[in-house]
Amino acid sequence: MSLYSEYLQEIENRKGQGLHPKPIDSDALLSEIIAQIKDTGNEYRADSLNFFIYNTLPGTTSAAVVKAKFLKEIILSESVVAEITPTFAFELLSHMKGGPSVEVLLDLALSDNASVATPAAEVLKTQVFLYEADTDRLKAAYKAGNPIAKDILVSYSQAEFFTKLPEIDETIDVVTFIAGEGDISTDLLSPGHQSHSRADRELHGQCMSTPEAQAEIKALQAQYPDMKVMLIAEKGTMGVGSSRMSGVNNVALLAGKKASPYVPFINIAPIVAGTNGIAPIFLTTVDVTGGIGLDLKNWVKKVDANGNNVVDKNGDAVLEEKYSVATGTVLTIDTKAKKLYNGNKELADISSAFTPQKVEFMRAGGSYAVTFGKKLQTFAAETLGVEPASVYAASKEISHEGQGLTAVEKIFNRNAVGVLSDAPLHAGSNVRVKINIVGSQDTTGPMTCQELEAMAASTISPIVDGAFQSGCHTASVWDSKAKANTPKLMSFMNAFGLITARDPKGVYPAMTDVIHKVLNDITIDDRAIIIGGDSHTRMSKGVAFGADSGTVAIALATGESAMPIPESVKVTFKGYMKKHMDFRDVVHATQAQMLKQFSGENVFQGRVIEVHIGTLLADQAFTFTDWTAEMKAKASICISQDDTLVASLELAKKRIQIMIDKGMENSAKTLTGLIALADKRIDEVKSGTTPALTPDANAKYFAEVVVDLDLIDEPMIADPDVNNEDVSKRYTHDVIRPISYYKDKPVDLGFVGSCMVHKGDMQIIAQMFRNMEAQGKEIKFKAPLVIAPPTYNIVDELKEEGDWALLEKYAGFEFNDKDPKAAARTKYENIMYLERPGCNLCMGNQEKAEPGDTVIATSTRLFQGRVVADTTEKKGESLLGSTPVVVLSSILGRFPTIEEYMDAVKGIKLTDFAPPLDAMTTAPVEFIPVSNI
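Residues numbered from 1 in each chain as written. Predicted model: local features only at pLDDT ≥ 70, side-chain atom pairs only at ≥ 80, totals over all residues. Heavy atoms only, no water.

Helix and strand counts for the protein come out as 31 helices and 33 strands. Taking 2.2 N^0.38 as the reference for a compact globule, 933 residues should give roughly 30 Å; the C-alpha atoms of the protein span a radius of gyration of 28 Å, in line with that estimate. For the protein, the spread of C-alpha atoms along the three principal axes comes to 90 × 70 × 60 Å. In the protein, the proportion of contacts linking residues at least 24 apart, taken out of those at least 6 apart, comes to 73%. Accessible surface, the protein: about 35,200 Å² in total, of which carbon and sulfur atoms supply 50%. In the protein, 93 positive and 120 negative side-chain charges are present, and the distance between their average locations comes to 1 Å. (Helix = DSSP H or I, 4+ residues; strand = E, 2+ residues; numbered from the N terminus. Rg over C-alpha atoms; globule rule 2.2 N^0.38 Å. Contact = heavy atoms within 4.5 Å. Areas by Shrake-Rupley, 256 points an atom, 1.4 Å probe, with all protein chains shown as cover. Lys, Arg positive; Asp, Glu negative; His and termini not counted. Charge placed at Lys NZ, Arg CZ, Asp CG, Glu CD.)

Here we come to the sheet that holds strand β25 (residues 703-708). Strand order in this open sheet of four strands is β24-β23-β22-β25, and the pairing throughout is parallel. Unpaired on one side and paired on the other, β24 (635-640) and β25 mark the two borders of the sheet. Averaged over all pairs of adjacent strands, the angle between strand axes in this sheet comes to 25°, irrespective of strand direction. Summarising the sheet, strand β22 (residues 568-574) and strand β23 (residues 608-614) pair through four bridges and their orientation is parallel. When the bridges of β23 are listed, S568 appears paired with V608. (Pairing = 2+ DSSP bridges. Axes fitted to C-alpha atoms, helices over the stretch in contact; angles between N-to-C directions.)

All right, on to helix α3 (residues 45-54) then. Residues of α3 that are buried: R45, S48, L49, F51, F52 and I53. The inward-facing, buried residues of α3 contact α1 (3-15), α2 (27-38), α4 (62-75) and α5 (86-94). (Buried < 20%, exposed > 50% of the residue type's maximum accessible area, 1.4 Å probe, protein only.)

Formed by 126 residues in total, the largest nonpolar core has its most connected members in F468, F604 and F769. Top contributing element to this core by residue count: helix α27 (residues 759-774), with seven residues. Excluding residues that lie within four positions of it along the chain, F604 makes contacts with V569, V571, T590, M594, I609, M631, K632, A633, K634 and V705. If you look at the next biggest cluster of nonpolar residues, it comprises 109 residues, including F90, A547, L693 and M920. (Core = buried A, V, L, I, M, F, W, Y, C linked by side-chain atoms within 4.5 Å.)

Read from one edge of the open sheet, five strands run β18-β17-β16-β19-β20, paired in parallel fashion. Whereas interior strands pair on both sides, the edge strands pair on one side only; in this sheet they are β18 (499-500) and β20 (543-546). Here strand β17 (residues 466-469) pairs with β18 via two bridges, running parallel. When the bridges of β18 are listed, F468 appears paired with I499. In the packing of helix α22 (residues 549-558) onto the sheet, the strands contacted are β16 (437-440), β17 and β19 (529-532), and the crossing angle to β16 comes to about 135°.

Taking 1.5 Å of rise per residue, twelve residues should cover 16 Å, and helix α8 (residues 132-143) covers 16 Å from first to last C-alpha, within 8% of that figure. For α8, the full list of buried residues reads D134, T135, L138 and A141. For α8, the angular spread of buried residues about the axis comes to 125°, placing them on one side. Away from its buried face by more than 90 degrees, α8 exposes E132, A133 and K143. In the core, the buried residues of α8 are packed alongside α6 (100-109), α9 (147-157) and α17 (367-384). Of the residues flanking the end of α8, it is G145, one or two places downstream, whose phi is positive at about 95°. (Expected span 1.5 Å × (residues − 1). Arc of directions from axis to C-beta.)

On to the state of the cysteines. Inspection of every chain in the model, using the stated rule, returns zero disulfides. Considering cysteine sulfurs only, C839 is the nearest to C472, which forms no disulfide, with 3.7 Å between them. Assessed through its relative accessible area of 0%, C472 is described here as buried. Judged by relative accessible area, which is 5%, C839 ranks as buried. (Disulfide = S-S within 2.5 Å.)

For the protein, the domain assignment lists domain 1 (3-127), domain 2 (171-354) and domain 3 (744-894). The gap between the C-alpha centroids of domain 2 and domain 3 is 36 Å. The interface is formed by nine residues belonging to domain 2 together with six residues belonging to domain 3. Carbon and sulfur atoms make up 46% of the surface buried where domain 2 meets domain 3, a total of about 550 Å² over both sides. (Domains from an automatic or database assignment. Buried area = accessible area lost by both parts, 1.4 Å probe.)

According to UniProt, the positions carrying the feature "domain: Aconitase B HEAT-like" (unreviewed entry) are residues 6-162. A distance of 42 Å separates the end C-alpha atoms of residues 6-162, which is 65% helix and 0% strand. (UniProt positions renumbered as here; feature names shortened; annotations may be inferred.)

On inspection of all chains with the given rule, the structure shows 60 salt bridges. In this structure, D525 and R414 form a salt bridge, with 3.3 Å as the shortest nitrogen-oxygen distance. You can see D525 sitting in the loop between α21 (515-522) and β19 and its partner R414 sitting in helix α18 (residues 407-415), a full 111 residues away along the chain. By relative accessible area, R414 is classed as partly exposed at 31%. Between E684 and K680 there is a salt bridge whose closest N-O contact spans 2.9 Å. Remark: K680 and E684 occur in helix α26 (residues 670-687); sequence separation between them is four residues, near one turn of the helix. (Salt bridge = Lys/Arg side-chain N within 4 Å of Asp/Glu carboxyl O.)

Confidence along the protein averages 92 in pLDDT terms, with 99% of residues attaining 70 or more. Note that residues 929-933 has pLDDT below 50 and, in this model, twelve contacts with residues that lie over four places away or in other chains. (pLDDT = per-residue confidence, 0-100.)

Applying the stated rule across the entire model yields 22 aromatic pairs. Plain terms: the ring middles of F492 and F496 are 6.1 Å apart, the flat faces sit at 10° to each other, and that makes the pair stacked. You can see F492 and its partner F496 sitting in helix α20 (residues 480-496), four residues apart, about one turn around the helix. By relative accessible area, F496 is classed as buried at 2%. Grouped by ring-pair contacts, the aromatic residues Y4, Y7, Y44 and F51 constitute a single cluster. When the ring centre of W299 is taken as reference, the NZ or CZ atom of K235 above it lies at 4.6 Å. (Phe/Tyr/Trp six-rings, centres within 6.5 Å; stacked < 30°, edge-to-face > 60°. Lys NZ or Arg CZ within 6 Å of the ring centre and 35° of its normal.)

Here you go:
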């Protein structure tokens, strides 16, 4: 059977799912299709033409290589296809993004054939995805006196690829659709359990929200054909939880517009909104597609006659509607006035959605084109020896004389690229920055590969210090979906230049270590900027930003990213930590006390949390930074003492060396290079030349939160509050309660694992068992307990030290990498499960609790349906707490009393955390040149 026959069979199979033909990325299949096009009598010729023109993926796919070569043949009259004229062939090349298409266009433009050189040059002037191999050819031709090359470079220096694009519409009419009430998790837009299908955009689009919601949106589109449907989070924030490029893709597929008539299922320019705006990292993803994200502020706090907030019986602020955005409401976005209207009535100022930079993204069809365009313009101007035309909005450079710098401001100043000012930059500045570390995870990785192919990237940028491709999100079950997706992903990323969790050549064993833990280890500088394809990319060294698959791709390809310097909120501690408290309780109490201090307003949202952690090693401090994703913060920075930073870097070196010993080093010696950089940083700290990162004493913060440790006297639980009468307050992570609230509440399953735990948590479990043995107590479980260590390094260390043997003693199941599970568990026994390192239940895409269960877990996610689904009789609950609480609850089959808890942790050192005694700041300074920061 030919590949084309197999493709036809696949098309028939997809018809049964209501799907169109899958886009073509295979060179072999497209070669057969081209042969059928050349055969004018072939029965499949008409369909083959259609597939060639409209259903072939662009960029650097192998199919794109074949397509570009065939179009070149047509342009040179080496092949004649009546339906594809040379003019049309040029148009098709113009939509292929780069890579092989740009290579062909350069071949033609720099040739001696004037009849094809001029039209090829005109197409090239519209292209921005050029890489060093392309620009080197242009530069060489220009130096040799080629007039076409000069003409192209002049066009690039003036950024005509941008200036000749049409302006965005002055007004955009929209019709509203309430996608949900309360915070809308990205799981609604792209469910975690459907992650295996994300690379198949049309198929994955079917899982967005519900079929009923999609039908309602389509009905609105039919009723209002000249308007765009705007998806809204009513009384909540849109896109909490993760960046989820697949979520934005799904919204765009349903309610956006086609990026190109010749590229299937890639839509752009969706419009989304929320009463409380858009979650920060999700908004970055909206920018990638040139979309619009609005902060509606249509519900406000109700006040009494004296101007005081009106509160309900729980003490929460009562909200009242300022204006309605009920489904089916017709509104107008005025992009010039930057206002939202209902008819002639002004509803809201939406200027934050239409900054000069965001308008450029909308005009260019997405942020990638702007990033590449700026680099291309700079190259052309430098080659010609001229100043680049002032085309793009100037980088926003804000500097306040006499004002010190926060930690994040210092990091951005150190990594800024192309800054014009010599003065240090403060929050609100918008700059390009060098990216030091990049992480790609396995449920979004296939999309990152697609993005890299689409932007014609073939190898990692040499300025990136290190990058890692994980296998943790699909670690629980080695099923047919994982077997189909993971090896292909690892092979692509390994060839691209990343360190990969799985070796395509099979030299080292597959490792499913949690990506955040690996990135935390390979970050070897407290002044680094990290980008990772997951919202929990929040390292405790440097500053890390969770990002969508596209932003990860552009960081890998260019080693840069453009972003504003965020505002910061300073978190310090006072009082004393009680011996029976776990650091997780401090984390939860931080959120609870912050909300209380600011009358329910989440001052963390969209900002950097600068936590003065002091003496806590990076391995453990990560518990705080990790949780900041649930605080809706943009990122977090740990301020550590010098000796603590050195100890954290020594631990990182040790774990990087283990990766090398396992055979994970690549030809570029990336891991060896990281160790050398760590040694350099350690020398700087020890010598005093560059101490550990600290903010200036006269830095300016949006807010300052002081956490009173004396107030934390019992374990703190984060509660989804599934039965709250106000649906907007469910699943928000803002309900934090003491354990005594849950007296006698039954527990159906306990989970210790995911990125929120470290080696110390595994040691706590072992010590709890030792205590029970010493007390003569039987260790039996009245509820299942699932344990998933975050990394293999931790398992190896526990085995060497003896704690793993104790866990094995009481385990009813232990993972076996030689025979991994082939199917997800649907029923649990009352035993302890020692699972493979990885995300496990926290992801919800493979393993899940039984529907309707009450789960107590150390993980981060309490979103509806993530860890546990609902039943018609009972809502599933995923409550979050510390490791000792989870273990004891599983043994008892219910939440423990405070007395039972105190007895269980007696004599166990739960955390090394102690607040620093002295202020961790640098003396006030008036001016430091950017180069010295």
